[in-house]
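Close look at the chain arrangement
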Amino acid sequence: MSTAPQFDIDLAAFWQDPYPVLAELRAKAPIAFVPQLGGVVMTRRDDIATSEKQIDVFSSHQPEGLMNKLMGHNLMRKDGEDHQAERKVIFPSVSPKTVKAVWRQKFQAHTDRILDELVPLGRGDLFDVFARPVSGEALKEITGLTNITYRQMDSFSQGMIDGIANYAGDPEIEARCHSATAGIDAAIDEMIPVLKANPDHSLLSVMLEAGLPMESTRANVKLAISGGQNEPRDAIAGAIWALLNHPEQLDMVRSGQVSWLQAFEEYARWISPIGMSPRRVAKAHKLGDIEFHPDDKVFFMFGSANRDEAYFSAPDAFDVTRDVSKSIAFGAGPHFCAGAAASRSLIADVALPAAFERLKGLRLEDGAEVKLGGWAFRGVLNLPCEWSA
Ligand code: HEM
């Protein structure tokens with residue numbers, strides 16, 4: 001057990017808004033054991049950026065973890081050569097070059113089609129009728145599972161995310177996770193002969209072409225679904241919400257003073273879609289005067305690092321003019337997000353400019369409440385809006 005000081009939290013309040021507690025932790029106990037979370041949290045950017053690179057100590061290999069048990073052993077839960085070998089296999093599918101040459105136009109076509117259906121309606125919950133399908137259609141292309149609907153993609157992703165956070169062992173949540181992974185396996189089985197006959201740039205196809213064992217191929221497709229649906233969805237809806245709430249900053253983006261990419265990156269810093277990533281301590285280690293022991297559970301709090309006062313002035317303010325180069329919204333080490341280039345293209349090159357261009361006079365629905373939630377994964381939960389049909 002680590003010698004980190006204990007720090008108690010109210011879990012329900014933390015889910016509603018984790019930032020006041022994270023600021024207190026950064027100030028008083030930047031590395032602390034939080035019994036309500038069942039692990040040691042790391043809340044300062046420097047500690048996380050250093051520790052994430054020390055894979056011999058802070059390991060991603062968690063054989064007893066729920067992710068391995070429920071989704072198979074994927075590349076994000078491997079370290080060193082094993083990890084790098086599989087990253088090398090998938091890179092051609094998600095590289096900036098492939099995103100620009102192949103995925104960007106597909107993202108645009110899906111987004112335009114979705115907006116064609118939305119514009120005449122004049123109002124709707126953009127979290128559900130825009131962000132969710134835009135993210136789902138993009139992920140169908142990237143994974144190669146074009147034989148499922150975006151709603152299946154979304155529910156498969158949610159089923160797995162709930163399953164790997166199901167520390168209480170709720171049988172219903174576990175059953176939903178199993179049916180999600182079974183649904184993905186069936187979709188993969190259906191696509192294998194299609195992609196073998198006509199290989200493309202999708203994750204499934206490049207892994208099949210590389211001859212990666214099917215067990216790893218399936219696990220990595222499930223990983224991309226669990227980490228590639230909610231994050232872009234939450235970032236698209238969240239960034240629209242943030243800009244509508246800061247009209248002067250929206251004007252800066254619309255006038256070209258600030259880029260859509262800058263606006264997205266600032267949103268992802270401010271409310272990081274992935275607020276935490278876990279590690280298992282592989283060997284005894286000392287950081288400052290804190291001792292870590294083998295099998296300690298450590299949580300890298302990316303959402304806290306992105307509000308670290310040592311790097312960001314007025315960190316709780318949304319400010320599209322600030323320098324976000326120190327944001328670690330996509331990670332800070334060897335497990336840096338493999339989907340970062342695809343996400344930046346989907347969100348900043350396509351979804352945000354298209355939504356504000358096509359939904360004329362876009363505004364939040366009068367009197368409607370926008371709800372936010374989560375600490376490990378955080379974002380808006382709805383986005384009721386109106387526009388001129
Ligand atoms: C706004 C969107 C996204 C955000 C904020 C995000 C964030 C992250 C973060 C923080 C990590 C690192 C986790 C760690 O260090 O343990 C990560 C890893 C990963 N992400 Fe993303 N992600 C996004 C979208 C996507 C998409 C669209 C895909 C799929 C195409 C994807 C696939 C992956 C994969 C495969 C990894 C594991 C990489 C590795 O372990 O080497 N992500 N993501």
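Residues numbered from 1 in each chain as written. Predicted model: local features only at pLDDT ≥ 70, side-chain atom pairs only at ≥ 80, totals over all residues. Heavy atoms only, no water.

Helices and strands together make up the secondary structure of the protein, namely 16 helices and twelve strands. Radius of gyration (C-alpha) of the protein: 21 Å, near the 21 Å computed for a compact globule of 389 residues. Seen through its C-alpha atoms, the protein measures out along the principal axes to roughly 60 × 50 × 40 Å. The burial tally for the protein puts 56% of its 389 residues in the buried class. Sequence-distant contacts, at least 24 apart, represent 71% of the contacts inside the protein between residues at least 6 apart. (Helix = DSSP H or I, 4+ residues; strand = E, 2+ residues; numbered from the N terminus. Rg over C-alpha atoms; globule rule 2.2 N^0.38 Å. Buried < 20%, exposed > 50% of the residue type's maximum accessible area, 1.4 Å probe, protein only. Contact = heavy atoms within 4.5 Å.)

Using the criterion set out here, one finds 28 salt bridges in the structure. In this structure, the salt-bridge partner of Lys28 is Glu24, at a minimum N-O distance of 3.0 Å. Pair noted here: Lys28 and Glu24 are both in helix 2 (residues 19-28), with a separation of four residues, about one helical turn. We classify Lys28 as exposed; its relative accessible area is 62%. Residue classification places Glu24 among the partly exposed positions, given a relative accessible area of 33%. Among the ionic pairs, Glu386 bridges to Arg363, the shortest N-O distance being 3.6 Å. Residue Glu386 is found in strand 12 (residues 384-386), and its partner Arg363 is found in strand 9 (residues 363-364); the two are separated by 23 residues along the sequence. One network of salt bridges, in which partners are shared, links Asp128, Arg132, Arg151, Asp154, Arg233 and Asp234. (Salt bridge = Lys/Arg side-chain N within 4 Å of Asp/Glu carboxyl O.)

Unusually for a residue other than glycine, Asp295 sits at a positive phi of about 75°. With respect to the helices and strands, Asp295 occurs in the loop between strand 7 (290-292) and strand 8 (297-300). Residue classification places Asp295 among the exposed residues on the basis of a relative accessible area of 57%. Despite not being glycine, Ala314 shows a phi value in the positive range, around 40°. Counting through the fold element by element, Ala314 comes out in the loop between helix 15 (302-305) and helix 16 (340-358).

Right, let's get into the sheet that holds strand 9. Judged by pairing direction, the sheet is antiparallel, and its three strands sit side by side in the order 4-12-9 without closing on themselves. Lying at the two open borders of the sheet, with one neighbouring strand each, are strand 4 (123-125) and strand 9. As judged from the two bridges shared by strand 9 and strand 12, these two strands associate in the antiparallel manner. From the neighbouring strand, Leu364 faces strand 12, where its bridge partner is Cys385. Taken strand by strand, helix 7 (residues 126-143) contacts strand 4 and strand 12, and its axis lies near 70° from that of strand 4. (Pairing = 2+ DSSP bridges. Axes fitted to C-alpha atoms, helices over the stretch in contact; angles between N-to-C directions.)

Around the ligand sit 27 residues, and of these Glu52, His83, Ser277, His335 and Cys337 come closest. The separation between an oxygen atom of the ligand and a polar side-chain atom of Glu52 is 2.7 Å. One nitrogen or oxygen atom from the side chain of Ser277 is found 2.5 Å from an oxygen atom belonging to the ligand. Contributing elements (two or more residues each) for the shell around the ligand: helix 5 (80-94), helix 11 (214-228), helix 12 (230-245), strand 5 (277-281) and helix 16. (Near = heavy atom within 4 Å. Polar contact = N/O pair within 3.5 Å; in protein donor to acceptor, adjacent residues only side chain to side chain.)

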